[in-house]
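# Survey of secondary and tertiary structure
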Amino acid sequence: MCGICAYIGEKEAFPILKEGLKRIEYRGYDSAGIAVLEKEIKVNKDVGKIEEALKEELEGKIGIAHTRWATHGGVSKENAHPQFDCFNNIAIVHNGVIENVEELREKLRNHKIRSETDTELIAHLIEEELKTKLPMEAIRSALLELKGSYAFALLIKGEDKIYFAKKDSPLIVGIGKGEMFLGSDVAAFLKHTNDVIYLEDYDFGYISKDREAIFNALSGKKASRRAVKVSFSPEDVEKGEYEYFMLKEIEEQGYRITDMLNSNTKDLERAIEEFDRIHIIGAGTSYHAARMLKYLLEREKGIESDVMISSEYKFFKRPDKNTLVIAFSQSGETADTLKAVKFAKERNAKIGVITNIRGSSLDRISDYSVYLNAGLEVGVAATKTFLAQLVITYKLSKRIDGEEIKRIINYSLREENKQVVKKFSKEIANKEHVFYLGRGLNFPLAMEGSLKLKEITYIHSEAYPAGELKHGPISLIDEDSLAIFLVPKDETYEKTLSNIQEVRARGAKTILLSDVALDNSINIAKPKDPLYYPFAELIPLQLLAYYTARERGLDTDKPRNLAKSVTVE
Ligand code: M6R
């Protein structure tokens, strides 16, 4: 989704902002822009990649920058941010979606509106308010008129400050020495500082080069916010020797697993035992982790729960004070999950959040937080954070043997095993449709393997419990089909072998992931406890997607139409 970076200090802003934008490029975007304030506000923006859009340097020590992922209005230079008021005295970059656009357009009909964006209307609204008020008052009045979500950074000609506001979209203040930053995520300024303030909804205010001022837009009163230190390092946002973050992050699992295993799950574990009702939610990969937790809690502890995709939650569930809602979200900012959690919280449910980002919106409203300890994940495809989620699901459901899990992970990462997976990716690269099949605990892994493949290779793929094939999907199977089966030597083995025969009998190709040497199979680690097979399957599935994408010549870090953190519903 869109990204914001802003800088005020003693250095030239343009190179810092451009570099900041590159750090948050992974969020996905279609255009980029920077505005710098000196005597005038100067702007440089265009569609396309940062390098192409921002060729011309601008001088000045105060600036705001943006990567846009089109929502209101198409992909065009006019719609790229920064957006301006009528006289170029106000420049704004904005993430989120303003909902009362028609009403505002009517109110502002005498203004010179040049783009199709909702963002531009905020600049004109503030312009209107500035006719009678000082900047902070004018911004507050404008905020009280906005409906929808926003995180914005704003320049006003003649003011040595960067103004900001936040509601339902993340915005973080970075505190440096004699310089201050704003970012839609910490990666935007991580190179310069680890000291941050996570802004809350309705916060607004400004940064100058040596201080921040934060107020609440509803009460108008000063808001007290604590600065925290984030544990991520600048190396997390560097590719190092790797061509792609995705491969870097897959390989990192070998050493990150130790921190993941050390994650503290005690409070949430206790809560799970105490509540009458448990609802588990997540989106995308996080939903697969949610399913895994449901399976394991029931199998290992006899605790029943409901699992649901976050965006569907409020249509079906009626949580109350006796409900524990457990939300998985690596980013802690996914709008669908946040909305579901807020809905549950309003109904007095307690909230457990499993996230990689301390201080994220979900973490802040959680009663029991668990941290993934995976290091910042940059690749759009979740890899190491899914391993960490898997670790947490096991920790919450049973005693786990950390050493055995480390052994399994490192087995999958051995060079010779990676090369085998790479060879198989050539069989997938020219396919149009792929099926991922597995039973029992292997099914969420099949779903995850399938999602990884589709998001970065653009090959159509679907996952089914292997037993479900004969109830419909098998009609799609012919000589051109490819089915990838998870067939570990666990309780599902015999039945899955029969399903493989059904598929092969119809002329389809199969690739098997197994610890048994089967025909056309990728060898996976053999765990001591069959319950650990998902750990053995995970990395081969991730690598299969990665190598297939590379075989098709695709950029695995920036898949089309996707964003790392999905902050709109
Ligand atoms: O940050 P979250 O875990 O809440 O994100 C949820 C999904 O958007 C995310 O898992 C998405 O499906 C990834 N691209 C999967 O690789």
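A brief report on the enclosed structure follows. Predicted model, so just to flag it, every value in this text is computed and none were measured. (Residues numbered from 1 in each chain as written. Predicted model: local features only at pLDDT ≥ 70, side-chain atom pairs only at ≥ 80, totals over all residues. Heavy atoms only, no water.)

## Some details on the overall build of the protein
As a reminder of what qualifies: Secondary structure counts use DSSP, requiring at least four H or I residues in a row for a helix and at least two E residues in a row for a strand, with both numbered from the N terminus. Within these notes, the globule rule equals 2.2 Å times the number of residues to the 0.38 power, and the radius of gyration is based on C-alpha atoms. Note on classification: 1.4 Å probe, protein chains only; a residue is buried when its accessible area is under 20% of the maximum for its type, exposed when over 50%, partly exposed between these limits. Contacts were defined at the residue level, with two residues in contact if any of their heavy atoms lie within 4.5 Å. To measure how exposed things are, a 1.4 Å probe is used in the Shrake-Rupley method; for residues, cover is taken only from the protein chains shown. When charges are counted, Lys and Arg contribute as positive and Asp and Glu as negative, whereas His and the chain ends are disregarded. For charged residues, the charge sits on one atom: NZ in Lys, CZ in Arg, CG in Asp, CD in Glu.
Assigned secondary structure in the protein consists of 17 helices and 24 strands. Taken against the 2.2 N^0.38 rule, which gives 25 Å for 569 residues, the C-alpha radius of gyration of the protein at 25 Å falls within 12% of a compact globule. Along the three orthogonal principal directions, the C-alpha set of the protein runs to about 75 × 50 × 45 Å. Counting all 569 residues of the protein, 62% fall into the buried class. Within the protein, contacts between residues at least 6 apart in sequence are counted, and of these 71% link residues at least 24 apart. Surface summary for the protein: the accessible area is close to 22100 Å², and the carbon and sulfur share equals 47%. For the protein, the centre of its 84 positive side-chain charges and the centre of its 90 negative side-chain charges are spaced 2 Å apart.

## Observations concerning the sheet that holds strand β20 (residues 433-438)
Going by this rule: When DSSP finds two or more bridges between two strands, those strands count as paired. Here the axes come from fitting lines to C-alpha atoms, over the contacting stretch only for helices, and the angles between their N-to-C directions go from 0 to 180 degrees.
Read from one edge to the other, the open sheet built from 5 strands follows the order β21-β20-β22-β23-β24, with strand pairing classed as parallel. Of all strands in the sheet, those with a lone pairing partner are β21 (460-465) and β24 (521-523), marking the two edges. Ignoring which end each strand starts from, the neighbouring axes of this sheet average 20° apart. As defined by bridge partners, β20 adjoins strand β22 (residues 482-486) across 4 bridges and the pair is classed as parallel. In the strand pairing of β22, F435 is matched with A483. Those strands touched by helix α15 (residues 442-457) are β20, β21 and β22, and its axis lies near 175° from that of β21.

## Some remarks on the site of the ligand
Rules: Any residue with a heavy atom positioned within 4 Å of a molecule or strand is treated as near that molecule or strand. Throughout this description, a polar contact denotes any pair of N or O atoms lying within 3.5 Å of each other; where both atoms belong to protein, one of them has to be capable of donating a hydrogen while the other can accept it, and for residues adjacent in sequence the pair is counted only when both atoms sit in side chains.
What surrounds the ligand is a group of 15 residues, the closest being S286, S329, S331, T334 and E455. Contacts to the ligand include S331, whose side-chain N or O atom sits 2.6 Å from an oxygen atom. K452 is positioned such that a nitrogen or oxygen atom in its side chain is 2.9 Å from an oxygen atom of the ligand. When the ligand is considered free in solution it has 410 Å² of accessible area, and contact with the protein chains removes 91% of it.

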